[in-house]
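Inside the fold
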Amino acid sequence: MAYLFEGRSMSTLLCLMTLLVGLDFHAVAVGGALRLDMNPENGFTTLNHSMAMVQRMEALLAQGNGSDVTLRVRTIGTDEVKIIQAHSLVLTLQSDMFDELLQNRNNSVLVLREPQDCAAVFDKFIRYLYCGDISVRLDQAIPLHKLASKYRVWSLQQGLTRYMTQHLSSDSPTGHVVGWYQYSLQIGDVSLRDSCLQYLSWNLSSVLQSAEWVSISDELLLSLLQRSDLILQSELDLYEALENWIEQNQPASDTVETALRAIRYGMIPPQHLFRLQKQSPLMVKHYESIRDLLFLAFQFHSASPIQLAKYFDVNCSIFTPRNYLSASWGSPWVINNPTRDDRSNSFQTQLGPSGHDSTKRVTWNTLFSPRWLPLSVRSGFGEHGAMQSTRTDLGRPRIIVTPATSSPDFAGVSFQKTVIVAVRQQGKMVVRHVYNFHQSTEESGDFLVDADLQRRGSEYLIDNSLFLHVIVKPLYHSLIVSKK
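Residues numbered from 1 in each chain as written. Predicted model: local features only at pLDDT ≥ 70, side-chain atom pairs only at ≥ 80, totals over all residues. Heavy atoms only, no water.

1. As for the overall build of the protein chain
- The number of helices and strands found in the protein chain is 19 helices and 14 strands.
- For the protein chain, the residues scored as buried account for 47% of the 484 residues in total.
- Residue pairs in contact within the protein chain that sit at least 24 positions apart in sequence constitute 67% of those at least 6 positions apart.
- Of the roughly 24,100 Å² of accessible surface on the protein chain, a fraction of 52% belongs to carbon and sulfur atoms. (Helix = DSSP H or I, 4+ residues; strand = E, 2+ residues; numbered from the N terminus. Buried < 20%, exposed > 50% of the residue type's maximum accessible area, 1.4 Å probe, protein only. Contact = heavy atoms within 4.5 Å. Areas by Shrake-Rupley, 256 points an atom, 1.4 Å probe, with all protein chains shown as cover.)

What follows is the structure, given as structure tokens:
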């Protein structure tokens with residue numbers, strides 16, 4: 001089995017066994033777990049003392065028996081020094097960096113210099129090398145990841161990346177997602193960066209209300225403002241949050257003007273735009289830099305977009321809706337016991353974002369089916385809102401969103417439907433999935449494709465209910481090009 005140690009001699013393994021034997025076996029084994037994997041049919045049994053082995057390794061580190069290297073961990077910028085009695089065999093088996101450092105040392109002392117956050121968790125890092133497990137708090141993820149990367153402990157590095165990806169929704173006093181996003185940029189971790197950015201975008205409504213919002217960097221702020229997949233109550237909320245961010249951070253004038261020009265003023269009702277022009281100190285101060293956008297927004301609200309396009313270029317992202325949660329754009333839908341049968345629902349939205357169309361309403365019918373059936377065998381909506389159709393145990397969940405009636409007002413307008421799926425993570429409601437589909441498809445083909453709704457403890461269910469929010473976004477495709 002010497003190949004498991006990448007060419008290191010069998011004598012090193014014998015040295016480790018000698019160290020372990022030197023410990024009080026009875027004291028460790030009594031507390032250790034013994035797992036028996038038995039197959040009664042052929043009498044084959046595996047005796048598994050791995051937990052006891054972990055405990056003995058932990059005791060080896062704690063007692064320092066047979067230590068052949070002393071780690072002196074100096075905290076950069078201070079006089080603080082942490083002393084750890086370690087074993088070169090364990091360090092070199094787990095870390096190529098330690099292997100190189102120990103080969104080049106002149107004596108039994110190895111001096112390491114670490115920043116304060118890494119020095120504070122260095123003992124936890126070394127314990128992982130001995131025991132293979134580690135307890136992590138939110139504020140310890142980055143320094144431990146730095147150590148794992150520096151000393152090339154790839155298993156720990158990958159595990160911490162997964163930890164951060166899976167704990168974006170955890171509560172912390174000042175927030176942690178923004179810090180993890182900035183760290184992902186520093187180390188070039190695209191997967192972690194995208195996970196943080198998606199979480200912030202999909203849960204922006206709650207982020208705007210948190211202490212984390214004002215800690216967002218200039219670069220991250222401008223990146224978020226360019227996105228069409230932001231989920232929030234309204235564009236007005238975004239403007240007011242931007243105003244608060246600018247007041248708290250006092251960024252450069254160029255950043256302020258770039259951010260203000262990323263607001264989609266066509267999505268803010270004209271009565272609120274009038275108020276902002278007079279009462280918002282930010283808009284008053286920078287009015288000249290956004291005068292053209294406000295002028296275009298008021299024109300958009302005063303006439304139909306098709307009429308406006310005859311005289312002006314309205315091919316601009318300020319007329320492209322984001323994912324707004326207010327009632328004029330869609331409706332929440334909580335489906336209790338979703339695997340029981342097909343469900344239907346109806347709601348109304350405004351015809352379009354233009355003030356010219358704000359009084360016109362469109363009624364939408366939504367159908368949720370826990371088991372997909374071909375459209376050809378679906379019947380119409382029943383008298384009491386229940387879907388009358390043949391049942392089958394095959395298939396997977398599907399959702400369909402269609403207008404109740406057609407109208408001449410639909411000319412030149414297409415509708416993008418967005419279905420948001422919320423789940424509970426770490427005790428908090430967060431967005432798990434966002435599905436987009438267009439008028440020509442009627443339904444989202446990959447809707448909840450990986451969800452196991454049959455299982456009562458499914459991560460997609462909250463108190464045995466499926467929490468959805470359906471949004472309908474009117475788009476003038478012949479006139480406006482959506483930017484993401």
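So, next bit.
2. Description of the sheet that holds strand E3 (residues 69-75)
- Taken together, the three strands give an open sheet; going across it, the order is E4-E3-E5, and neighbouring strands pair in mixed fashion. Among the strands making up the open sheet, the edge pair consists of strand E4 (81-86) and strand E5 (109-114). Sheet twist, expressed as the mean angle between neighbouring strand axes with direction ignored, is 20 degrees.
- The sheet contact formed by E3 and E4 spans six bridges and is antiparallel. Bridge pairing in E4 links Thr70 to Gln85.
- Of the strands in this sheet, E3 and E5 touch helix H5 (residues 96-103), which is tilted by about 130 degrees from E5. (Pairing = 2+ DSSP bridges. Axes fitted to C-alpha atoms, helices over the stretch in contact; angles between N-to-C directions.)

3. Re the environment of Asn464
- As for its placement among the helices and strands, Asn464 is situated in the loop between strand E13 (428-438) and strand E14 (465-475).
- Taking relative accessible area as the criterion, Asn464 reaches 17% and is therefore assigned buried.
- The spatial distance from the C-alpha of Asn464 to the C-alpha of Thr339 is 9.8 Å, given a sequence separation of 125 residues.
- What Asn464 contacts, discounting residues up to four positions off in sequence, is Ile335, Asn336, Asn337, Pro338 and Arg456.

4. Some thoughts on the confidence of the model for the protein chain
- Confidence along the protein chain averages 84 in pLDDT terms, with 81% of residues attaining 70 or more.
- Within the model, the stretch residues 479-484 combines pLDDT values under 50 with 21 contacts to residues more than four positions away or in other chains. (pLDDT = per-residue confidence, 0-100.)

5. Notes on helix H3 (residues 50-63)
- Helix length check: H3 (14 residues) gives 20 Å between terminal C-alpha atoms against 20 Å at 1.5 Å per residue, within 8%.
- If you check which residues of H3 are buried, you get Ala52, Arg56, Met57, Ala59, Leu60 and Leu61.
- Note on H3: the residue one or two positions beyond its end, Gly64, has a positive phi of about 70 degrees. (Expected span 1.5 Å × (residues − 1).)

6. Quick notes on the side chain of His145
- Among the secondary structure elements, His145 is positioned in helix H8 (residues 141-150).
- Using a relative accessible area of 2% as the deciding quantity, one classes His145 as buried.
- Among the polar contacts made by the side chain of His145, one reaches the side chain of Thr161 at a distance of 3.1 Å.
- For His145, the side chain forms a polar contact with the side chain of Tyr183, separated by 2.8 Å.
- Aside from chain neighbours lying at most four places away, what touches His145 is Gln157, Leu160, Thr161, Met164, Tyr183 and Ile187. (Polar contact = N/O pair within 3.5 Å; in protein donor to acceptor, adjacent residues only side chain to side chain.)

7. Observations regarding the sheet that holds strand E9 (residues 343-350)
- Ordered in space as E9-E10-E11, the three strands form an open sheet in which the pairing is antiparallel. For this open sheet the edge positions go to E9 and strand E11 (398-403), each flanked by a neighbour on one side alone. Neighbour-to-neighbour, the strand axes of this sheet turn through a mean angle of 20 degrees, independent of strand direction.

8. Here we look at helix H7 (residues 122-131)
- Of all 10 residues in H7, seven are buried, a share of seventy percent or more.
- Residues of H7 that are buried include every one of Phe122, Phe125, Ile126, Tyr128, Leu129, Tyr130 and Cys131, and no others.
- Looking one or two places after H7, you find Gly132, whose phi comes out positive at around 80 degrees.

9. As for the packing of H8 against helix H9 (residues 154-166)
- Running from N to C, H8 and H9 cross one another at 155 degrees; their axes reach a closest spacing of 8 Å. Taken together, the axes of H8 and H9 lie roughly antiparallel to each other. At the point where H8 passes H9, the crossing takes the left-handed sense. Here Ala141, Leu144, His145, Ala148 and Ser149 of H8 lie close against H9, whose contacting residues are Trp154, Leu156, Gln157, Leu160, Thr161, Tyr163 and Met164.
- Of the residues contributing to the contact of H8 with H9, the split by class is eight nonpolar, four polar and no charged. (Parallel < 35°, antiparallel > 145°, perpendicular 65-115°, else oblique. Left-handed = near helix turned anticlockwise from the far one by under 90°. Nonpolar A, V, L, I, M, F, W, Y, C, P; charged D, E, K, R; others polar.)

10. Here we look at the packing of aromatic side chains
- On inspection of all chains with the given rule, the structure shows 11 aromatic pairs.
- When the ring of Phe98 is compared with that of Tyr151, the centres are 4.8 Å apart and the planes differ by 15 degrees; the resulting orientation is stacked. Highlighted residues: Phe98 in helix H5 and Tyr151 in the loop between H8 and H9, separated in sequence by 53 residues. For the residue pair Phe98 and Tyr151, the accessibility class agrees, reading buried in each case.
- An aromatic cluster is present here, built from Phe98, Phe122, Phe125 and Tyr151 joined pairwise through their rings. (Phe/Tyr/Trp six-rings, centres within 6.5 Å; stacked < 30°, edge-to-face > 60°.)

11. As for the side chain of His176
- Locating His176 in the fold gives a position in the loop between H9 and helix H10 (177-187).
- For His176, the contacting residues outside a window of four places in its chain are Leu138, His167, Leu168, Ser170 and Glu212.

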